[in-house]
Amino acid sequence: MPTVTMTVNGMERSGNVEGRTLLVEFLREHLGLTGTHVGCDTSQCGACVVHVNGTSVKSCTCLAAQADGAEVTTIEGLANGSDLHPMQEAFREHHGLQCGFCTPGMVMSAVDLANQNSDPSEHEVREWLEGNLCRCTGYHNIVKAVQAGAKAMGGGS
């Protein structure tokens, strides 16, 4: 089995994986980072979004081998100890979650958007989050949370 090595949340991590191992499986099953959720297995829901080299990626569509040598950030890597990342804090403050299943993917996608646009319009947020599904909310509070988080981030993570 091939060995993959990547920097995950600032730490170099390696593991032997079959060639067909998805990045989401590697993160959850090999590294124990269960904040990245498996929702649909078909790239529809966005619960598995992580950052690979700073860009949001649905980890259920990426092989672990494709991330070999990459820098990967998961939801566990956003907070600074007990201090939430500004986007996480905005989701908490603006009630941008209900059951929380989609939240890690939503937050990771939102951070990527905010890194590119520190003042996204409602339309831009909704368009950006098209690939992230929430079965509990009407998205209103999620949009507010993303806009507040983007402003708090000031265009950077």
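Preceding this section is the structure that the text describes.
First, a word on what this report is: a plain description of the structure on this page. If you're wondering where the values come from, they're calculated on a predicted model, not measured in any experiment.

## A word on the nonpolar core
Residues Met87, Phe91, Met106, Val107, Ile142 and Val146 are the most contacted members of the largest nonpolar core, which totals 22 residues. The set of elements that each furnish at least two residues to this core consists of α2 (86-93), α3 (103-116) and α5 (140-153). Take this core: its biggest share by element is seven residues, from α3. Every residue in contact with valine 146, bar those within four places of it in the chain, is listed here: Met87, Phe91, Ala110, Leu113, Val125 and Leu129. Core analysis: the second largest hydrophobic core is formed by 16 residues, Leu23, Cys62, Ala67 and Ala70 among them.

## Overview of the sheet that holds strand β1 (residues 3-8)
Sheet strands pair via backbone hydrogen bonds, and the direction of the pair is either parallel or antiparallel. The sheet built from five strands is open, its strands ordered β2-β1-β5-β3-β4 with mixed pairing. Looking along the sheet, the strands with just one partner apiece sit at the ends: β2 (11-16) and β4 (55-58). Strand-to-strand twist in this sheet, taken as the mean axis angle between neighbours without regard to direction, amounts to 40°. Each of β1, β2, β3 (49-52) and β5 (71-73) touches helix α1 (residues 23-30); the most contacted strand, β1, lies at about 80° to it. Of the strands in this sheet, β3, β4 and β5 touch α3, which is tilted by about 40° from β3.

## Quick word on the environment of proline 2
Topologically, proline 2 is positioned in the segment before β1. Its relative accessible area of 45% is what places proline 2 among the partly exposed residues. Considering only alpha carbons, one finds proline 2 and threonine 103, 101 residues apart in sequence, at a separation of 32 Å. Proline 2 has contacts with Gly15, Asn16 and Val17, leaving out every residue within four places of it along the chain.

## Overview of the side chain of aspartate 112
With respect to the helices and strands, the residue aspartate 112 is situated in helix α3. An unpaired buried charge is present at aspartate 112: no salt bridge exists, and lysine 58, the closest side chain of opposite charge, is 12 Å distant. Every residue in contact with aspartate 112, bar those within four places of it in the chain, is listed here: His51, Gly54, Thr55, Ser56 and Trp128.

## Let's talk about the pairing of β3
Side chains Val49 and His51 of β3 all project onto a buried face; the interleaved residues Val50 and Val52 project onto the opposite face, where all are buried too. Strand direction decides the pairing type here: β3 and β4, joined by four bridges, are antiparallel. For valine 52, the partnering residue across the bridge sits in β4 and is threonine 55. The hairpin formed by β3 and β4 contains two residues between the paired strands, and asparagine 53 there has a positive phi angle of roughly 55°. As paired elements, β3 and β5 share two bridges and run antiparallel to each other. Bridge pairing links valine 52 to valine 72 in β5.

Criteria and cut-off values
- Residues numbered from 1 in each chain as written.
- Predicted model: local features only at pLDDT ≥ 70, side-chain atom pairs only at ≥ 80, totals over all residues.
- Heavy atoms only, no water.
- Core = buried A, V, L, I, M, F, W, Y, C linked by side-chain atoms within 4.5 Å.
- Buried < 20%, exposed > 50% of the residue type's maximum accessible area, 1.4 Å probe, protein only.
- Helix = DSSP H or I, 4+ residues; strand = E, 2+ residues; numbered from the N terminus.
- Contact = heavy atoms within 4.5 Å.
- Pairing = 2+ DSSP bridges.
- Axes fitted to C-alpha atoms, helices over the stretch in contact; angles between N-to-C directions.
- Lys, Arg positive; Asp, Glu negative; His and termini not counted.
- Salt bridge = Lys/Arg side-chain N within 4 Å of Asp/Glu carboxyl O.

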